[in-house]
Amino acid sequence: MKTLPLEGIRIIAVEQYGAGPYGSMFLADLGAEVIKIENPKIGGDVSRQTGPFFLGENDSYFFQTFNLNKKSLTLDLKSESGRAIFDKLVKTADAVTNNLRGDQPDKLGITYDKLKHINPKIVCGHLSAYGRDNDRASWPGYDYLMQAEAGLMSLTGEPDQPPARFGVSMIDFMTGAVASLGLTSALLGAHRTGQGRDVDVSLFDVALHQLSYPATWYFNQDHVTERLARSAHPATVPCQLYKTADGYIFLMAMTDKFWLVLIDLLDDATLQQERFATVAQRRDNRDLLTTEIDRVLSTHNTDYWLEHLKGQIPCAPVLDLPQALQNPYIHNIGMVRTINHPEKQDMQVLGCPIKIDGQRMAGKAAGPMGCDTNDLLGSLGYSAANIAKLKAEGAI
């Protein structure tokens, strides 16, 4: 593979758990040197102790999921000597990113205003629960809270059931990705102008932004989007789960073109009636159309319909977790990669969804806490004796 796009970029990451590490891992995958700061006094990133599955001492599968390709530097930022190390590192870096509570970056002195005298090109990325510039800056916050308050839970699940969260922490992951986009954009600007800046992204803002077109509809037409049975699309029909002889299939005939292809493939006279001819008519007759499509699809099992419709109508099986991860397709496209870990030589993880020059990036396991400390400090001019003294002080 050619040189990766972010090779030569050094990013200091003051991060832990999910959202921040997820976002910075993309930067590491794309070639950036991501130096993860881990506080030795608390055992490093809290996700090293997140179970139930562990890889030796102070390491877990959870931690590995979000920290591939990164370096680990143990550093107590609140100690005088630890801060001196950090400042030296900032001189050599392109960016500092964190996912601390909104009031913490200023207190720790890791904002652009506090670092520009060291490196005027430094970009400072801040990922927090609610942002740094409002009365919730000091509030702790997590993904599920954002799903609740931003209205996303009210749109998830079946109409006759309690509101539900997404099956995984999608707001964490979306916010991490958006934060890395913002940071990369600011890095491009800094390399062009020589001027760094702050970049702020919050879990709440990203969660709210995911309301997308239902928000636009509400703001401008007072329309309240509600949950529909079988995960149906609020405006386009047919687009939902339909019954087959042995389960469900998700069909999405989102346009008139696909509708005409679908009724041709299903070959049923009732579906060809005039009352189903347009998008608006199908929406007005949603319940009746659901009954009729169920009737036709229930004549065969899901595998039959997937084979019959594949490549012509957007459709998919409804898989459980093992089925999804054993799907031959994901292995054929390289979305499962095997990496070496001292405790498990053939550890399997998901591949990076970004391809460069047609290839997915290689990955390496996250190392033990502080595994890169000596090398990094040596590159900053610290002698072996200096490093031993810093360790004795608890600064590293």
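One can find the structure itself at the top, above this paragraph.
Values in this document were obtained by computation on a predicted structure and should not be read as measured data.

Asker: Before we move on, could you go through helix α10 (residues 256-266) and cite the residues and values that matter?
Answerer: Side chains three or four residues apart in an α-helix point the same way, a direct result of the helix having 3.6 residues per turn. Listed as buried for α10 are W259, L262, I263, L265 and L266. Taken end-on, α10 shows its buried residues confined to a sector of 160°, consistent with a single buried face. Exposed positions of α10 whose direction lies more than 90 degrees from the buried face are K257, L260 and D264. Packed against the buried residues of α10 are β8 (248-252), α11 (279-284), α12 (286-297) and α13 (302-309). One or two residues past the end of α10 sits D267, with phi positive at roughly 50°.

Asker: Give me the sheet that holds strand β6 (residues 197-202): which residues, what numbers.
Answerer: Working definition: the strands of a sheet are paired by backbone hydrogen bonds and lie parallel or antiparallel to each other. Taken together, the six strands give an open sheet; going across it, the order is β3-β2-β1-β4-β5-β6, and neighbouring strands pair in parallel fashion. Both edges of this open sheet fall to β3 (71-74) and β6, since each of them pairs with a single strand only. Adjacent strand axes in the sheet meet at a mean angle of 20°, parallel and antiparallel pairs treated alike. Each of β1 (10-14), β2 (33-38) and β5 (123-128) is contacted by helix α1 (residues 19-29), which is oriented at about 155° to β2, the strand it contacts most.

Asker: Help me get a handle on a nonpolar patch on the surface, residues and values and all.
Answerer: Residues Y218, F219 and V224 make up a contiguous nonpolar surface patch of roughly 360 Å² in combined accessible area. Structurally, F219 can be placed in helix α9 (residues 212-221).

Asker: Can you tell me about the environment of G247, naming the residues and giving the values?
Answerer: Tracing the backbone through its elements, the reader meets G247 in the loop between β7 (239-243) and β8. Linking G247 and D303, residues 56 residues apart in sequence, is a C-alpha distance of 9.9 Å. The contacts of G247, once residues within four sequence positions are left out, are Y242 and T302.

Asker: Please set out the sheet that holds β8 residue by residue, giving values where relevant.
Answerer: Spatial strand order, β7-β8-β9: three strands in an open sheet with antiparallel pairing. What marks the edges here is a single partner per strand, and that holds for β7 and β9 (315-317). Sheet twist, expressed as the average angle between the axes of neighbouring strands with direction ignored, equals 25°. Summarising the sheet, β7 and β8 pair through five bridges and their orientation is antiparallel. Residue pairing for β8: L241 is matched across the bridge by F250. Here α12 sits on the sheet and contacts β7 and β8; the angle it forms with β7, its principal contact strand, is near 45°.

Asker: Can you break down the environment of G167 residue by residue, with the values?
Answerer: For G167, the position within the fold is in the loop between α6 (143-149) and α7 (170-193). The spatial distance from the C-alpha of G167 to the C-alpha of G247 is 20 Å, given a sequence separation of 80 residues.

Asker: I'd like to hear about the pairing of strand β11 (residues 344-350), residue by residue, with values.
Answerer: Alignment of strand β10 (residues 336-341) against β11, held across five bridges, turns out to be antiparallel. Each residue of the ladder has a partner; that of V336, found in β11, is L350. Taken together, β10 and the strand that follows it, β11, pair antiparallel across an intervening segment of two residues.

Calculation notes
Residues numbered from 1 in each chain as written. Predicted model: local features only at pLDDT ≥ 70, side-chain atom pairs only at ≥ 80, totals over all residues. Heavy atoms only, no water. Buried < 20%, exposed > 50% of the residue type's maximum accessible area, 1.4 Å probe, protein only. Helix = DSSP H or I, 4+ residues; strand = E, 2+ residues; numbered from the N terminus. Arc of directions from axis to C-beta. Contact = heavy atoms within 4.5 Å. Pairing = 2+ DSSP bridges. Axes fitted to C-alpha atoms, helices over the stretch in contact; angles between N-to-C directions. Patch = residues over 30% accessible without salt bridge, like charges linked within 9 Å, V, L, I, M, F, W, Y side chains within 5 Å. Areas by Shrake-Rupley, 256 points an atom, 1.4 Å probe, with all protein chains shown as cover. Salt bridge = Lys/Arg side-chain N within 4 Å of Asp/Glu carboxyl O.

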